[in-house]
Amino acid sequence: MSDTMSGTAQIGVTGLAVMGRNLARNLARHGYTVAVHNRTGARTEELVEEFGREGDFVPAGTPREFVAALERPRRVIVMVRAGEATDAVIGEFAPLLEPGDIVVDGGNAHFADTRRREEALRERGVHFVGAGVSGGEEGALHGPSIMPGGSDEAYAALGPLLEDIAAKAPDGAPCTAHIGPDGAGHFVKMVHNGIEYADMQLIAEAYDLLRTVAGYGLGPCRRGLPRLEHRPPGLLPRRGHRRGAGPHRRLHRAPLRRRRGRRRRAEGHRPLGGADRPGPGRSGIRHRRGGLRPLPVRAHRPAPGRR
């Protein structure tokens with residue numbers, strides 16, 4: 001960790017919720033000196049105290065200190081909620097920046113908002129990059145997919161750093177590229193999210209049809225659970241579900257069968273075995289899978305008073 005506030009940080013992250021914190025840690029792990037700032041100073045102190053050993057962090061208590069800690073051209077990554085919060089942060093930092101500095105919005109902003117912000121900052125000579133970041137909190141820490149959109153000059157200064165921290169394909173290629181001007185990066189992120197959510201919806205609806213219409217249960221989830229009696233309530237059929245349909249029958253009835261079997265053996269019942277086992281045309285209980293299961297035979301006991 002570094003306490004120097006004289007333009008030593010190569011990049012800065014403001015907004016230290018889960019995504020911003022992990023992205024700052026990812027940058028520090030790759031050898032960059034990272035200025036960190038949050039509206040509430042407690043999060044900044046918590047990050048430095050808990051993860052300061054991972055790299056060089058420069059904590060800043062105010063926006064002015066944060067900007068002063070960055071080397072020129074300044075590179076500021078904004079990781080706050082999309083919408084009004086993003087506009088508020090940009091409005092707070094823009095007067096402190098100089099022509100040639102770069103502001104990166106790493107949130108899920110609508111591409112039209114990104115185009116509006118890029119145009120406003122361009123009038124100040126400040127580059128604005130709308131970068132979609134995919135991979136969640138784990139990706140932000142270990143390597144996300146990054147979709148930056150902005151000017152060629154901005155990507156020339158920012159691209160090598162993004163390529164360094166991004167996820168890598170099997171051939172070693174970084175999972176990032178200059179998508180295009182202004183809102184292109186957030187437009188691609190919007191399409192990416194639409195495909196992802198549609199896939200999740202498709203999986204959920206297919207599963208619901210298999211469970212409620214075809215009668216399939218949660219078979220794969222039961223593996224590794226040693227006793228049916230101890231299964232979590234979520235594995236039992238829903239109320240009103242017909243118990244005789246599908247794998248739920250096995251889930252509900254198996255513990256009862258075991259208890260009945262133990263009681264019958266204790267009372268002297270014995271199953272048929274060997275040659276006595278029923279074959280085709282013989283009596284037996286029709287098993288639900290179509291086979292015959294032998295009838296239990298009660299041990300003969302003479303009636304009272306008879307020998």
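See the structure shown above.
Here the structure is a predicted model, which means the values were calculated and not measured.

Rules used in this analysis
Residues numbered from 1 in each chain as written. Predicted model: local features only at pLDDT ≥ 70, side-chain atom pairs only at ≥ 80, totals over all residues. Heavy atoms only, no water. Helix = DSSP H or I, 4+ residues; strand = E, 2+ residues; numbered from the N terminus. Buried < 20%, exposed > 50% of the residue type's maximum accessible area, 1.4 Å probe, protein only. Contact = heavy atoms within 4.5 Å. Areas by Shrake-Rupley, 256 points an atom, 1.4 Å probe, with all protein chains shown as cover. Pairing = 2+ DSSP bridges. Salt bridge = Lys/Arg side-chain N within 4 Å of Asp/Glu carboxyl O. Axes fitted to C-alpha atoms, helices over the stretch in contact; angles between N-to-C directions. Polar contact = N/O pair within 3.5 Å; in protein donor to acceptor, adjacent residues only side chain to side chain. 1 Å grid on protein atoms, 1.4 Å probe; cavity = no way out; pocket = protein on both sides within 12 Å on 5 of 7 lines; lining within 4 Å. Points joined across faces, edges and corners; volume = space filled by probe spheres on them. Right-handed = clockwise from strand over helix to strand, strands pointing away. Phe/Tyr/Trp six-rings, centres within 6.5 Å; stacked < 30°, edge-to-face > 60°.

Quick word on the overall build of the chain
Consideration 1: The number of helices and strands found in the chain is 9 helices and 9 strands.
Consideration 2: In the chain, which comprises 307 residues, the proportion classed as buried is 38%.
Consideration 3: Restricting the contact set of the chain to residue pairs at least 6 apart, pairs at least 24 apart contribute 63%.
Consideration 4: When the accessible surface of the chain is totalled, it reaches about 18,100 Å², and 52% of it is carbon and sulfur.

Structural notes on the pairing of strand 7 (residues 145–149)
Consideration 1: Taken across its 5 residues, strand 7 has 4 buried, putting it largely inside the fold.
Consideration 2: Here strand 6 (residues 127–134) runs beside strand 7; their pairing, made up of 5 bridges, is antiparallel. Looking at the pairing, Gly132 lines up with Met147 of strand 7.

Points about the pattern of salt bridges
Consideration 1: Counted under the stated rule, the structure contains 11 salt bridges.
Consideration 2: Arg29 is the partner of Glu54 in a salt bridge, and the nearest nitrogen-oxygen pair spans 3.2 Å. Residue Glu54 is located in the loop between helix 2 (41–51) and strand 3 (57–59), and its partner Arg29 is located in helix 1 (residues 18–29); the two are separated by 25 residues in the primary sequence.
Consideration 3: The exposure class assigned to Arg29 is partly exposed, which follows from its relative accessible area of 39%.

Observations concerning the sheet that holds strand 2 (residues 34–37)
Consideration 1: Spatially, 7 strands are ordered 3-2-1-4-5-6-7 in an open sheet, and the strand pairing comes out mixed. Sheet topology places strand 3 and strand 7 at the edges, where each strand pairs with a single neighbour. The sheet shows a mean angle of 25° between the axes of neighbouring strands, direction not considered.
Consideration 2: Strands strand 2 and strand 3 of the sheet are contacted by helix 2, whose axis makes an angle of about 150° with strand 3.

Considering the side chain of Ser134
Consideration 1: For Ser134, the location among the structural elements is in strand 6.
Consideration 2: Reaching out from Ser134, the side chain makes a polar contact with the side chain of His192 at a distance of 2.9 Å.
Consideration 3: Those residues in contact with Ser134 that lie beyond four places of it in its chain are Pro144, Ser145, Met147, Lys189 and His192.

Here's the deal with empty space enclosed by the protein
Consideration 1: Within the structure shown, the criterion is met by 3 cavities of 30 Å³ or more.
Consideration 2: Estimates place the volume of the largest cavity at around 70 Å³.
Consideration 3: Forming the walls of the largest cavity are Leu23, Ile77, Met79, Val104, Gly106, Ala131, Val133, Ile146, Leu162 and Ile165.
Consideration 4: Those elements giving two or more residues to the lining of the largest cavity turn out to be strand 6 and helix 7 (152–165).

Here's the deal with the environment of Ala131
Consideration 1: Structurally, the position occupied by Ala131 is in strand 6.
Consideration 2: You can call Ala131 buried: its relative accessible area is 3%.
Consideration 3: In the structure, Ala131 is positioned 54 residues away from Gly185 in sequence and 5.4 Å away in space, judged by C-alpha atoms.
Consideration 4: Discounting residues that sit within four places of it in the chain, Ala131 has contacts with Val104, Asp105, Gly106, Gly107, Ile146, Met147, Pro148 and His186.

Describing the pairing of strand 5 (residues 102–105)
Consideration 1: The two faces of strand 5 match: Ile102 and Val104 on one face and Val103 and Asp105 on the other face are all buried.
Consideration 2: Examined bridge by bridge, strand 4 (residues 75–78) and strand 5 share 4 bridges and lie parallel to one another. Bridge pairing links Val76 to Val103 in strand 5.
Consideration 3: The parallel pair strand 4 and strand 5, bridged by helix 4 (residues 84–93), forms a crossover whose chirality is right-handed.
Consideration 4: Pairing of strand 5 with strand 6 involves 4 bridges; the strand directions are parallel. Opposite Asp105, over in strand 6, you have Gly130 as the bridge partner.

Quick look at the side chain of Thr114
Consideration 1: Mapping Thr114 onto the fold places it in helix 5 (residues 111–122).
Consideration 2: Excluding its chain neighbours within four sequence positions, the residues that come into contact with Thr114 are Ala109, Phe128, Gly130, Asp182, Gly183 and His186.

Looking at the packing of aromatic side chains
Consideration 1: Under the counting rule described, the total for this entry stands at 2 aromatic pairs.
Consideration 2: Measuring from centroid to centroid gives 5.5 Å for Phe66 and Phe93, while their planes differ by 75°, and the two rings are edge-to-face. Of this pair, Phe66 sits in helix 3 (residues 63–68) while Phe93 is found in helix 4, placing the two residues 27 residues apart along the sequence. For the pair Phe66 and Phe93, one class covers both residues: buried.

Considerations on unusual backbone geometry
Consideration 1: Cis geometry is adopted by the peptide bond preceding Pro73, which originates at Arg72 and carries an omega value of -10°.
Consideration 2: Topologically, Pro73 is positioned in the loop between helix 3 and strand 4.
Consideration 3: One non-glycine residue with positive phi stands out, namely Asp182, at about 30°.
Consideration 4: Of note, Asp182 is situated in the loop between helix 7 and helix 8 (184–212).

Geometric descriptors of this kind do not, in isolation, establish any biological role.
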